[in-house]
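Topology and contacts: notes
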Amino acid sequence: MGNTDNIYSKAVENISGFTFDEQVAQVFPDMIKRSVPGYEKIIQTIAMITKRCAVNNSNLYDLGCSLGAATLSMRSALKETTGCKIIAVDNSEAMVKRCSATIASYRSDIPVDVLNDDICNIHIENASVVVLNFTLQFLTPEKRLQLLRNIYQGLRPGGVLVLSEKFVFDDDPTHQLLIDLHLDFKRQHGYSDLEISQKRSSLENVLIADTVTEHYQRLQHAGFKHNNLWYQCFNFGSIISIKEKI
Ligand code: GEK
């Protein structure tokens, strides 16, 4: 059993900006399942996408890997391929330490490199599958396009990017309703109104969400011509982007 997230359960006078430190890493699996509607569905489906899209002798990337849930999902789907390698990257030392230990504890012949680095510094090459599962939203908006360009350049023809994000909506009533449904989801999963509001303050200016249209436009600027939502629950969802075959 993992640890329960009660980081924001007591009232704090000055809420500081959210960071992926040791305290967060300790409770992360519980936190993300209780905070992100559809998280487990997306992790499971990453295995299905991998099974269909990974090709022999290619690289797979998990950018902003946290504890490696998407890496493990991809690795479970690579049994019929040869010569594949997974590169998992996170700039939180606490996450990377735990991620490496978790990955090493499962037996597999598929190599995984876990790197403690900024995903903006990573050279993507010979990639068949790239996963950005709820990570792009934590980059400053100016860095997002360059990262997507790097990913597009490093993908093989026919390769795919799975981009999962929290969204905002231009249409006000839709935006408000989907946010309220997300808050209900968190309450249903045992978070108090105090926890919800303190977490929201800590994420302000740290998690900057875009509209689905802004994502499509940025993906197109980066080179991707084939972009579509494959999953959405309330204000969270996942886009699949395909690099054209030659
Ligand atoms: C999962 N994908 O379980 N470079 C590297 N890592 C970064 C950067 C950066 N510039 N910015 C943020 N991170 C995971 C969940 S969590 C999503 C991803 C969430 C890392 C950060 O340290 C954290 O581990 C992760 O991105 C975001 O499928 O907590 O909402």
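Remember, it's a predicted structure, so these values are computed and weren't measured experimentally.

In this structure, strand E6 (residues 226-233) lies alongside strand E7 (residues 236-242), joined through seven bridges in antiparallel fashion. Within the sheet, the bridge partner assigned to Asn227 lies in E7 and is Ser241. Linkage of E6 to E7, two consecutive antiparallel strands, is achieved through a turn of two residues, within which Phe234 is found at a positive phi near 55°.

Let us now look at the state of the cysteines. Per the counting criterion, the structure on display carries zero disulfides. Cys65 supplies the cysteine sulfur nearest to Cys120, a cysteine that is in no disulfide, at a spacing of 14 Å.

A word on the nonpolar core. Counting 41 residues, the largest nonpolar core has Met31 and Leu60 as the members making the most contacts within it. Other than its neighbours up to four places away in sequence, Met31 contacts Asp5, Ile7, Phe18, Val24, Tyr191 and Lys199. In this structure, Leu132, Ile151, Phe167 and Phe169 belong to the second largest nonpolar core, which totals 27 residues.

Here we come to the pairing of strand E2 (residues 85-90). In terms of burial, E2 is a largely internal element, five of the six residues being buried. Both strand E1 (residues 59-63) and E2 contribute to a ladder of five bridges, which runs parallel. Counted as the bridge partner of Tyr61 is Ile87 from E2. Chirality of the crossover, the property in question, places the unit of E1, helix H3 (residues 69-76) and E2 among those that are right-handed. Sheet topology note: the E2/strand E3 (residues 112-116) ladder contains five bridges and is parallel. Bridge pairing in E3 links Ile86 to Val112. You can see the chain leave E2, run along helix H4 (residues 93-105) and come back into E3, and the turn it takes is right-handed.

Criteria and cut-off values
- Residues numbered from 1 in each chain as written.
- Predicted model: local features only at pLDDT ≥ 70, side-chain atom pairs only at ≥ 80, totals over all residues.
- Heavy atoms only, no water.
- Pairing = 2+ DSSP bridges.
- Helix = DSSP H or I, 4+ residues; strand = E, 2+ residues; numbered from the N terminus.
- Disulfide = S-S within 2.5 Å.
- Core = buried A, V, L, I, M, F, W, Y, C linked by side-chain atoms within 4.5 Å.
- Buried < 20%, exposed > 50% of the residue type's maximum accessible area, 1.4 Å probe, protein only.
- Contact = heavy atoms within 4.5 Å.
- Right-handed = clockwise from strand over helix to strand, strands pointing away.

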